[in-house]
Amino acid sequence: MKHKHTALIATLGSLLTALIILSLPSGSVAQAGGSKGPIAVCDLVEVFNNYERSADLVEELNNKKADIAAEMTRMDAEIDALGNLLAQGIKEGAAYEKQYELYRSKVITAQIWAEMAERQLNIRHLDQRREIYQETLDTIADIAKQEGYSLVLFRDSRDTAAESIQEFAAKLQARKMLYNDDRLEITAAVLNKLNLAYQRR
């Protein structure tokens, strides 16, 4: 009985495989040692990390953060100076109340300005990252059409560096692709095309 059950599963598996192959477009099954096949793979993380526009965006982000920090330092110095004047003076009267309101107003203004500046910077950076992602997808599509690929899959990073068994295990569990023929790899082609187009702008 067990033997019949195993044979039935094997037969069903063979039929399913045959149906999948028959349902694929003509010429989509790669010949051994022949054409590249209908599928390509691309490591998006590697593309993002090595695209020259990404590097320029990171530099721009750091410069903007430095500008924000410098402005905050200037505002803090102004607030500290006002605070010292308040601490040294007589803590009563109309003049004190006026100085205190000015001090309080500058503190609130500085806090709001810092929050808004940081938020606007993050929104701009996120929008630029989305642009890079779409630009990368368009480039992948161009190469896929040119090379005859009908499907491009995300290739996980092969990096297994980890500081703990748990981190190593998490990396392995996150892997979705365990092997691909090097002929299906288009990461370098995508990166080269992106950088070349960016340099020409």
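Above this text sits the structure in question.
## With respect to the overall build of the protein chain
Stage number 1. The secondary structure content of the protein chain amounts to six helices and two strands.
Stage number 2. When the helices and strands of the protein chain are listed from N to C terminus, the series reads α-β-α-α-α-β-α-α.
Stage number 3. Counting across all 201 residues of the protein chain, residues that qualify as buried make up 23%.
Stage number 4. Across the protein chain, every contact between residues at least 6 apart in sequence was considered, and the portion connecting residues at least 24 apart equals 81%.
Stage number 5. Of the roughly 14,500 Å² of accessible surface on the protein chain, a fraction of 59% belongs to carbon and sulfur atoms.

## Things to note about the packing of helix H3 (residues 52-88) against helix H4 (residues 94-147)
Stage number 1. Orientation of H3 relative to H4, taken along the N-to-C sense of each, is 175°, at an axis distance of 10 Å. Classified by the angle between their axes, H3 and H4 sit roughly antiparallel to one another.

## A few points about the packing of aromatic side chains
Stage number 1. Applying the stated rule across the entire model yields two aromatic pairs.
Stage number 2. Geometrically, the ring pair formed by Tyr 51 and Tyr 198 is edge-to-face, given 5.8 Å between the ring centres and 70° between the ring planes. Pair noted here: Tyr 51 is in the loop between helix H2 (44-50) and H3 and Tyr 198 is in helix H6 (residues 187-199), with a separation of 147 residues, a long-range link.
Stage number 3. Of the residues examined, Tyr 51 reaches a relative accessible area of 1% and is grouped as buried.
Stage number 4. Judged by centre distance (6.4 Å) and plane angle (20°), the ring pair of Tyr 96 and Tyr 100 falls under stacked. Of this pair, Tyr 96 and Tyr 100 both sit in helix H4, four residues apart, which is roughly one turn of the helix.

Definitions and limits used
Residues numbered from 1 in each chain as written. Predicted model: local features only at pLDDT ≥ 70, side-chain atom pairs only at ≥ 80, totals over all residues. Heavy atoms only, no water. Helix = DSSP H or I, 4+ residues; strand = E, 2+ residues; numbered from the N terminus. Buried < 20%, exposed > 50% of the residue type's maximum accessible area, 1.4 Å probe, protein only. Contact = heavy atoms within 4.5 Å. Areas by Shrake-Rupley, 256 points an atom, 1.4 Å probe, with all protein chains shown as cover. Axes fitted to C-alpha atoms, helices over the stretch in contact; angles between N-to-C directions. Parallel < 35°, antiparallel > 145°, perpendicular 65-115°, else oblique. Phe/Tyr/Trp six-rings, centres within 6.5 Å; stacked < 30°, edge-to-face > 60°.

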